[in-house]
Amino acid sequence: MPFFLFFFFFTYGLFHCYFYCKLRAAYHFPRWIHFFILLFLLLMTFTPVLIRLSERAGFDVVCVLLATAGFSWMGFVFEFTCLGLAIDLFRLTSVLTQKIVSIRLLPSLRGKMQFLLPATGALVLCAYGFIEARAITVRHVPVTTSKLTNTDRTIKIVQISDLHLGLTFSNKRLRAIVDTINAESPDLVVATGDIVESHASDMAALVNTLQMIKAPAGKFAVTGNHEYYTGIVKSIDFLTQAGFTVLENSRKSVEGLDIVGVNDPTSRYMQGTLNSNTTAKAFDQASSERFTLLLKHRPVVSAKQLGHFDLQLSGHSHKGQLFPFNFLVQLQHPLPHSTLIDTQPGLLYVNPGTGTWGPPFRILAPPEITVLTLSPAGQTSSAKAVNL
């Protein structure tokens, strides 16, 4: 964790240095204006820390304001840096080709254009990302199995993941998600972690909205890493009040299948965690003859769990959330999103996230509500799985 924080703030600081260098080359402001610009950039760099400090101090209004401004800026400066570096690389290529083959690919850009082009592009991308983050895709995934022996009908499961409720997530936005879920008439609703991001906003209203989800066979959730960052006890209490059964390395039997939920690995490193049982105990008494649904936040298939589940549902990676960050995420989590994957044995489905973390944008990574329909073998055709 200390190394991750150092790497994050070091990289984020470099983004701000790059932005300042481009701005300074484009505009010659008086020194006192540069002072306030630098002060603003320093404030934005450490806004994530200020958000947590203000939340712990009980300054909820300040916390929400900092989150709205700071995370929106984070998305903008990230896109500005990516676009700016792309333009710089193209300019360098243009200069080299002119020297080698006397062909200039790009006209000369003055200082102002070197700033205005990435700034304008970043604003356009953020505006688009704000709209995309609220345009939820409902993806239907059929799955057939010979293990649904106690029923002759299909079981509809709705998966949501990575909502990151609190701070910049409005109740109106959550209500739209709940209405979409209810329109699918699910039997079960499962939440695969990172549902809670903060307790600084009006969480009571969010609880009331989540309580409106209709699932006759129940609502089940597991913890993600952010439940631990924001306070695991409060997070589990929030989920419980919202009507979810939180599976902490435990299992439940409903509708002819076993649902197993395991804690996020963050529980090993954070104090004040609940239920220290090992994940192996979660599979105790699970029948190999019954369909086993595994809820696990991170899209990692454990060798010890292979053969003990029929379908694993995960989230966590957001499909990168912001282009081109998805390419870096792909290196750490190479499994495809929104695709049924055959892990041999067992299937895996990775939800790209229903909400947003940090910047309230999603760029080329649309949010998703997944509707999985389990059918007895021979009743419907199964979805085509991608072999690992």
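Structure shown above.
Residues numbered from 1 in each chain as written. Predicted model: local features only at pLDDT ≥ 70, side-chain atom pairs only at ≥ 80, totals over all residues. Heavy atoms only, no water.

In terms of helices and strands, the protein carries 10 helices and 13 strands. The proportion of buried residues among the 388 residues of the protein is 49%. Of the roughly 18,600 Å² of accessible surface on the protein, a fraction of 64% belongs to carbon and sulfur atoms. (Helix = DSSP H or I, 4+ residues; strand = E, 2+ residues; numbered from the N terminus. Buried < 20%, exposed > 50% of the residue type's maximum accessible area, 1.4 Å probe, protein only. Areas by Shrake-Rupley, 256 points an atom, 1.4 Å probe, with all protein chains shown as cover.)

This part is about a nonpolar patch on the surface. On the surface, Leu42, Leu43, Phe46, Val49, Leu50 and Leu53 cluster together to form a nonpolar patch covering roughly 480 Å² of accessible area. Among the elements of the structure, helix H2 (31–45) and helix H3 (47–56) are those that each provide at least two residues to the nonpolar patch. Top contributing element to the nonpolar patch by residue count: H3, with three residues. For Leu42, the location among the structural elements is in helix H2. (Patch = residues over 30% accessible without salt bridge, like charges linked within 9 Å, V, L, I, M, F, W, Y side chains within 5 Å. Salt bridge = Lys/Arg side-chain N within 4 Å of Asp/Glu carboxyl O.)

Turning our eyes to something else, we now look at the packing of aromatic side chains. Under the definition given, this model contains 21 aromatic pairs. Between Phe35 and Phe36, the aromatic rings sit 5.4 Å apart at their centres with planes inclined by 75 degrees, giving edge-to-face as the arrangement. Assessed through its relative accessible area of 49%, Phe36 is described here as partly exposed. Ring centres of Phe71 and Trp357 lie 5.9 Å apart, and the angle between their planes is 50 degrees; this geometry places the pair in the tilted category. You can see Phe71 sitting in helix H4 (residues 60–101) and its partner Trp357 sitting in the loop between strand E11 (347–350) and strand E12 (368–376), a full 286 residues away along the chain. For Phe71, a relative accessible area of 8% translates into the label buried. Counting every residue linked through ring pairs, the aromatic cluster contains Tyr18, Phe19, Tyr27, Phe29, Phe40, Trp73, Phe76, Phe80 and Phe115. The ring centre of Phe130 lies 3.7 Å from the NZ or CZ of Arg134, which sits over that ring. When the ring centre of Phe169 is taken as origin, the NZ or CZ atom of Arg173, which lies over that ring, is 4.2 Å away. (Phe/Tyr/Trp six-rings, centres within 6.5 Å; stacked < 30°, edge-to-face > 60°. Lys NZ or Arg CZ within 6 Å of the ring centre and 35° of its normal.)

For the structure on display, the rule yields 10 salt bridges. The partner of Glu55 in a salt bridge is Arg52, and the shortest N-O contact between them spans 3.0 Å. Of the two residues, Glu55 and Arg52 are both situated in helix H3; the distance of three residues between them amounts to about one turn of the helix. With a relative accessible area of 15%, Glu55 lands in the buried category. Residue Glu368 is joined to Arg139 by a salt bridge in which the shortest nitrogen-to-oxygen separation is 2.9 Å.

Everything listed is a geometric property; what it means functionally is a separate question.
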